[in-house]
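# Chain and residue survey
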Amino acid sequence: MESELKVLTRQSTSQRPELERDDRPLLKPDSAPDAPQKPVPEPGQSIEEMESKYAAYVRRDVYGTMGRGRLSWAERLWLVPRLVILVPIRVVAGMTILVSYYVICRVCTVFRAPNREDGEEQEDYAHLRGWRRAVILRTGRFLSRAALFVFGFYWISETRGENENESSDHSEGFERYGAIISNHVSYIDILYHMSSSFPSFVAKRSVSKLPLVGLISKCLGCVFVQRELKSSDFKGVSGVVTDRIREAYQDEFAPRMIIFPEGTTTNGDYLLPFKTGAFLAKAPVQPVILRYPYRRFSPAWDSISGARHVILLLSQFVNYIEVKRLPVYHPSEQEMEDPKLYAANVRKLMAQEGNLILSDIGLPEKRVYHAALNGNISMPSVLHQKGD
């Protein structure tokens, strides 16, 4: 199996632009990065020019740009039976797993009030103790792995750093950290991390109100983003995340956090600039690098619609994940005083260890690229940029 994964990795890498490893020393405290510039749409650019400029979001699998590329007749004939037979079976199996876990969460939280922070804005069941928390945690990890299996991720290749403990649970002798820091390639990342360590995520407030998923997100201990809140006494998502990270570092029973500091997904070959929110707590972090080797369809969710991505992903017989866990990163005194320095050094380490290309673009450029692919490069909304 390992030899097959190596072959797949070489095939995937051969489709990527030539990598240039950055061997410069880690950033010094006085090397503050320039303020990000808002991208400006450039009418008249060719597809080739756009792909060069926004390379971190370009799809390079056989389905082409936005998953709408021309397919050979052989590929079409191969795809049809999988769409008709394999996809419905996997959808039913996936929904069965989702409903089953919802029922488990409902039983475990019955007659229990959620933990609340900042009034009614943050609520979760991740702080439950005893058998309830044990059942939610263990069944959640098991069913998340079952969902990955249903989606074709039969094997997961994991590599651990020299100092990385074999157990992903808090235990005696376990090197504690405040948050998991991961690159972001696909929504599949969430399922993997749930199956591995069952951490809390940052999610939109609307997620907490969704059928089935809403209760599950509260059992995970998700931090919900409420952008329209105007109350002056609300400490904000950054404050809640910082408190959660500190709590996870200090209390072995507290739910841990996972942060995708890039703020959006890429095609898996690049690493975007990190936001500083995960590093404000000054606690050690656990860097994790995810890769998705592929032959036909790339599981990366970059410049393709959600519905098309799900259908094509489920139509593949086998999908692959490669995971590399780096040793826990302990910040220096300078890094603890400078979150930007801390974030930049962790990012550079992950790029070196994961053979990823550092890119200076971010979510605003992704919106510009998506707008251009859809034939509209004059949308004002694509220039909106979220802060840290």
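The preceding data block contains the structure.
As the structure is a prediction and not an experimental result, all values here were calculated from the model.

It is worth spelling out the packing of aromatic side chains at this point. Summed over the entire model, instances satisfying the criterion amount to 11 aromatic pairs. Both rings, one in Phe201 and one in Phe260, keep their centres 6.4 Å apart while their planes meet at 25°; by these two values the pair is stacked. Of this pair, Phe201 sits in the loop between α5 (188–196) and β5 (202–204) while Phe260 sits in the loop between β7 (257–259) and β8 (270–271), and the two are 59 residues apart along the sequence. The two residues Phe201 and Phe260 agree in class, both being buried. Ring centres of Phe279 and Tyr342 lie 4.9 Å apart, and the angle between their planes is 65°; this geometry places the pair in the edge-to-face category.

This paragraph deals with the side chain of Ser196. Positionally, Ser196 belongs in helix α5. Engagement of the side chain of Ser196 in a polar contact is seen with the side chain of Arg325, the distance being 2.3 Å.

Moving on to the sheet that holds strand β10 (residues 321–325). The five strands lie next to each other as β3-β10-β9-β4-β7, forming an open sheet whose pairing is mixed. What marks the edges here is a single partner per strand, and that holds for β3 (156–160) and β7. Within this sheet the neighbouring strands show an average axis-to-axis angle of 25°, counted without direction. Running at roughly 55° to β10, α5 makes contact with β3, β4 (179–182), β7, β9 (285–291) and β10 of the sheet. Running at roughly 40° to β9, helix α10 (residues 339–354) makes contact with β4, β9 and β10 of the sheet.

A general feature of soluble globular proteins is that nonpolar side chains tend to end up buried together. Formed by 48 residues in total, the largest nonpolar core has its most connected members in Phe153, Ile188 and Ile321. For this core, the secondary-structure elements that each account for two or more residues are α3 (73–109), α4 (130–150), α5, α6 (213–220), β9, α8 (306–314) and β10. For this core, the leading source of residues is α3, giving six residues. Setting aside residues up to four positions removed in sequence, Ile321 forms contacts with Leu148, Phe153, Trp155, Ile156, Ser157, Ile188, Tyr192, Arg291 and Tyr292. Formed by 24 residues, the second largest nonpolar core is a distinct cluster that contains Ala179, Val223, Phe279 and Val346.

Turning our attention to α4. The terminal C-alpha atoms of α4 lie 30 Å apart, and with 21 residues this matches the ideal 30 Å at 1.5 Å per residue to within 8%. Of all the positions in α4, only Arg132, Arg133, Ile136, Gly140, Arg141, Leu143, Ser144, Ala147, Leu148 and Val150 are classed as buried. Buried residues along α4 sit against α3, β3, α5, α6 and β10. The first or second residue beyond α4 is Gly152, which carries a positive phi of 100°.

Turning our eyes to something else, we now look at the pattern of salt bridges. Tallying each qualifying case throughout the model produces 11 salt bridges. Two residues, Asp61 and Arg59, come together in a salt bridge whose shortest N-O distance is 2.8 Å. By relative accessible area, which is 6% here, Arg59 ends up buried. Connected through shared salt-bridge partners, Arg59, Asp61 and Asp302 make up one network.

Once that is clear, we can look at the packing of α3 against α4. Between α3 and α4, the shortest axis-to-axis distance is 10 Å and the interhelical angle comes to 175°. Our classification of the angle between α3 and α4 gives roughly antiparallel. On α4, the residues touching Arg90, Ala93, Gly94, Ile97, Tyr101, Ile104, Val107, Cys108 and Thr109 of α3 are Trp131, Arg132, Val135, Ile136, Thr139, Gly140, Leu143, Ala146, Ala147 and Val150. Of the residues that constitute the contact of α3 with α4, the class distribution is 13 nonpolar, four polar and two charged.

Analysis parameters
Residues numbered from 1 in each chain as written. Predicted model: local features only at pLDDT ≥ 70, side-chain atom pairs only at ≥ 80, totals over all residues. Heavy atoms only, no water. Phe/Tyr/Trp six-rings, centres within 6.5 Å; stacked < 30°, edge-to-face > 60°. Helix = DSSP H or I, 4+ residues; strand = E, 2+ residues; numbered from the N terminus. Buried < 20%, exposed > 50% of the residue type's maximum accessible area, 1.4 Å probe, protein only. Polar contact = N/O pair within 3.5 Å; in protein donor to acceptor, adjacent residues only side chain to side chain. Pairing = 2+ DSSP bridges. Axes fitted to C-alpha atoms, helices over the stretch in contact; angles between N-to-C directions. Contact = heavy atoms within 4.5 Å. Core = buried A, V, L, I, M, F, W, Y, C linked by side-chain atoms within 4.5 Å. Expected span 1.5 Å × (residues − 1). Salt bridge = Lys/Arg side-chain N within 4 Å of Asp/Glu carboxyl O. Parallel < 35°, antiparallel > 145°, perpendicular 65-115°, else oblique. Nonpolar A, V, L, I, M, F, W, Y, C, P; charged D, E, K, R; others polar.

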